[in-house]
Structures are given as C-alpha cells and as structure tokens.
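Survey of secondary and tertiary structure
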Amino acid sequence: MAAAGILLVKGGELRLDIIERIKARDESALRQLMDEYGDMLLRTACLLLRDRQSAEEAVQDTFIQAYAKISQLKEPSRLRSWLIAITVNRCRMKQRTWSWRSIFPAAESGQWAEAAGEAAAGAEELFMTEWHNVKLTDAIGSLDYIYRESLTLYYFHEMSVREIASQLKTRENTVKSRLARGRQLLRLILEKEDIDNG
C-alpha cells in the first residue's frame, strides 16, 4: 500500500505523502487534510458540544494540534482515528471549561445535518429527513456528555466498543454501560416527544 502511495479514505483517495508534507510544514497539505476531514469532525464536535461556534473552535484546535504533532502519528492508516481522538479531547476540554447547558442554540442545532440523496429526494422527503436528523441531534444533545461521547463514536463513527474504550482510555464495560444507558435515555426522550406532539 505504501509503495502505491495511496490510502483509500471513505470513497476518496488521500495520498499517504500528506503526512510527510505536513511534517515538512506544507500548508497546502494541511488545507487538503481540512477539506478531507473537516465536515466529519465538525459533525462530531457539534454532537458533543451542542454549540456550533464551540464545535468549530474545537475542530480548528484539532487541526492546529495535528499540524504541530503530526510526527506522533506512527501509522498513517490511523489518521482518521487519530484526528477523531484529538477532536474528542478538545471537546472534553471545552466541556470542562464552559457550562454548555446554558448555551443551547436550538436554531442552529440541525444546520450540519445532511439529508442523504438530496438531489434525488422530493421536498417532502427532504423535510422529513432533515426533521428526523434535527430531532435525533437535539435528543442526543440533551444527554450528559459521557453518553453523547460514546453514542457519537459508536453510531456516527461506527467504532467498536474496544476502539471506543481505547480512544477514551477507559474499560470496555464502562463503554458498554454508557452505550446502554445512553440508548435508554435517548429512547425515553424520543418517546416523550412523540407523546407530547401526538
């Protein structure tokens, strides 16, 4: 794979030499990295912090840290996981610093939610998909941080329990328990909304 110089990432191609270019302080490589991973990291940070501006700051901090510490990445194939880990840590730091419960931007909460197949979907289908995404995002956003963190990594990044435990530096049983409790709380929130709206 290294000989070919190409690493497949989410349907696109990202050259392995991007890491070497960043090590050489090539800013165009950093821009390429931001283009490739920026949206995914922003979605993650939005779910964790519940505030778009803070999420954007966390992602910006992620790229600054990645640029400064790229030499710490030993396996180029783990670039995506490494960036997610940095983002999660930046979100944790912001979570400790501020009281986000008082800054819940309901109007912006669904801005990043993307409807699948927008071009082909009808207006009603787009509306329902967007409404569902915003509803789910708001429900996840109302959970305590430890549950948001585990659910985001498990469902949105499709990480295994073992990978999440490694990422969060905790035990697998702790992750399992947070996922179970988070799902239970999420179900209760969504059921309550259905009753309130029905």
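This write-up is about the structure you can find in this document. Everything numeric in this text was worked out from a predicted model, so none of it was measured. (Residues numbered from 1 in each chain as written. Predicted model: local features only at pLDDT ≥ 70, side-chain atom pairs only at ≥ 80, totals over all residues. Heavy atoms only, no water.)

**Things to note about the overall build of the protein chain**
- Counting its secondary structure elements, the protein chain contains eight helices and two strands.
- Listed N to C, the secondary structure of the protein chain is β-β-α-α-α-α-α-α-α-α in terms of helices and strands.
- The buried share of the protein chain, reckoned over its 198 residues, is 41%.
- The long-range share in the protein chain, meaning contacts at least 24 apart out of those at least 6 apart in sequence, stands at 63%.
- When the accessible surface of the protein chain is totalled, it reaches about 11,500 Å², and 51% of it is carbon and sulfur. (Helix = DSSP H or I, 4+ residues; strand = E, 2+ residues; numbered from the N terminus. Buried < 20%, exposed > 50% of the residue type's maximum accessible area, 1.4 Å probe, protein only. Contact = heavy atoms within 4.5 Å. Areas by Shrake-Rupley, 256 points an atom, 1.4 Å probe, with all protein chains shown as cover.)

**Remarks on the nonpolar core**
- Counting residues in hydrophobic clusters, the biggest one holds 45 residues, and the most contacted among them are L33, Y37, L41, W82 and L83.
- Elements with a minimum of two residues in this core: α1 (17-23), α2 (27-49), α3 (52-69), α4 (79-97), α5 (123-141), α6 (145-156), α7 (161-168) and α8 (172-197).
- For this core, the element with the most residues is α2, which contributes twelve residues.
- Not counting the four nearest positions on each side in its chain, L41 is found in contact with V59, T62, F63, L83, I84 and T87. (Core = buried A, V, L, I, M, F, W, Y, C linked by side-chain atoms within 4.5 Å.)

**Quick word on the environment of Y145**
- Inspection of the secondary structure puts Y145 in helix α6.
- Y145 gets classed as buried once you look at its relative accessible area, which sits at 10%.
- Along the backbone, Y145 and L48 are 97 residues apart, and their C-alpha atoms lie at a distance of 6.6 Å.
- In this view, Y145 contacts L48, V88, C91, R92 and Q95; residues no more than four positions away in its chain are not counted.
- A distance of 3.3 Å separates a polar atom in the side chain of Y145 from the backbone nitrogen of R92. (Polar contact = N/O pair within 3.5 Å; in protein donor to acceptor, adjacent residues only side chain to side chain.)

**Topic: unusual backbone geometry**
- The phi dihedral of R25 falls on the positive side, at around 65°, and the residue is not glycine.
- Within the chain, R50 stands out as a residue other than glycine whose phi angle is a positive 65°.
- With respect to the helices, strands and loops of the structure, R50 is situated in the loop between α2 and α3.

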